[in-house]
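Here is what each chain is made of, one letter per residue.
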Amino acid sequence: LCFNGCKDFGVPDWTLNITIGEGVGGTPEAGTYLYQELTLIEYNYYPLESQYPIEVLVNGNRWDLAGEFIVYSDITVVAQLFDIRGTWVVSYKETSAATSTDFNLTFTGSTILSGTFTDDRGYNGTWTIADKKLTATFSNWSNYIFTGTAANMSGDWTGDGKTGTWSAYRKAD
C-alpha cells in the first residue's frame, strides 16, 4: 500500500541547527543537519583564546561545554563567547543562614573581560574575568567580593566578616 505519496512512515527525521560564534571552535561544526530520532550526538566546544569563557545553549538552556544528547525533536545549539554584560538576578546566602537574598545586578563594560556594575540597592563596583573566573568587588558595600566561575554564574562571597555562596541567572528582557 502507498499512502501520502509513499512517504516513509518510519522513524521521523529531526533538524539540528548549530551556530558557532566568533572566537569559538569545536564539533559538530556550524550548519544544519538532519538526524533520525534517537541518534546520539556528541559535542565539544572550546574558546580559541583560553582566557575567554564560553557558553553552550541547547534550545536556549545552558549545557556543559562538552557532552552528548539524544535527538528526539528539532534542536538548536549555540556555542558562543560568554558575555556577562546585562542584568542578572543574583541570589546570595550566608553560610549560616536558612534563606537567600536576591537583588538585580547590571554589568557594563567595553570588553567581555572587565567593567563596572551597579545593583538595584544602590551598590556598585568593578568586575573582571581572568582564566574564566569572575571577580566582582563592591566599592561601597563593606568590602564584599563575589568570586566564581563566570560561565556558570555561581561561586562564593566574602564581606563584612561573613561568607557564603551565590548564583545568578540572566534577567529576562
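Cut-offs applied
Residues numbered from 1 in each chain as written. Predicted model: local features only at pLDDT ≥ 70, side-chain atom pairs only at ≥ 80, totals over all residues. Heavy atoms only, no water. Phe/Tyr/Trp six-rings, centres within 6.5 Å; stacked < 30°, edge-to-face > 60°. Helix = DSSP H or I, 4+ residues; strand = E, 2+ residues; numbered from the N terminus. Buried < 20%, exposed > 50% of the residue type's maximum accessible area, 1.4 Å probe, protein only. Pairing = 2+ DSSP bridges. Axes fitted to C-alpha atoms, helices over the stretch in contact; angles between N-to-C directions. pLDDT = per-residue confidence, 0-100. Contact = heavy atoms within 4.5 Å.

**Student:** Just to check I follow, could you spell out the packing of aromatic side chains for this structure?
**Tutor:** Within a pair of aromatic rings, the relevant descriptors are the distance that separates the centres and the angle that separates the planes. Tallied over the entire structure, the rule returns 24 aromatic pairs. With a centroid separation of 6.5 Å and 70° between ring planes, the pair formed by Phe-103 and Phe-138 is classed as edge-to-face. Note that Phe-103 is positioned in strand S10 (residues 101-108) and Phe-138 in strand S13 (residues 133-138), a separation of 35 residues in sequence. Each member of the pair, Phe-103 as well as Phe-138, carries the same accessibility label: buried. Through successive ring pairs, a cluster of aromatic residues spans Tyr-92, Phe-103, Phe-107, Phe-117, Tyr-123, Trp-127, Phe-138, Trp-141, Tyr-144, Phe-146, Trp-157 and Trp-166.

**Student:** Where do I start with the sheet that holds strand S7 (residues 66-70) in this structure?
**Tutor:** Adjacent strands of a sheet pair through backbone hydrogen bonds, lying either parallel or antiparallel. On the basis of which strands lie adjacent, the open sheet formed by 3 strands has the order S2-S4-S7 and antiparallel pairing. Among the strands making up the open sheet, the edge pair consists of strand S2 (24-27) and S7. Averaged over all pairs of adjacent strands, the angle between their axes in this sheet comes to 25°, without regard to strand direction. In terms of strand pairing, strand S4 (residues 40-47) meets S7 through 5 bridges, oriented antiparallel. Paired with Asn-44 across the strands is Ala-66, a residue of S7.

**Student:** Teacher, can you tell me more about the confidence of the model for the protein here?
**Tutor:** Residues of the protein with pLDDT of at least 70 account for 94%, and the chain-wide mean is 92. Low pLDDT, under 50, characterises residues 1-6; the predicted model gives this stretch 2 contacts beyond four residues in sequence or across chains.

**Student:** Explain the sheet that holds strand S11 (residues 114-119) to me, please; I cannot follow it from the model alone.
**Tutor:** Judged by pairing direction, the barrel is antiparallel, and its 8 strands sit side by side in the order S9-S10-S11-S12-S13-S14-S15-S16 before closing back on the first. For this sheet, the mean angle separating the axes of adjacent strands, direction not counted, is 30°. Strand direction decides the pairing type here: strand S14 (residues 145-149) and strand S15 (residues 154-159), joined by 5 bridges, are antiparallel. When the bridges of S15 are listed, Gly-148 appears paired with Gly-155.

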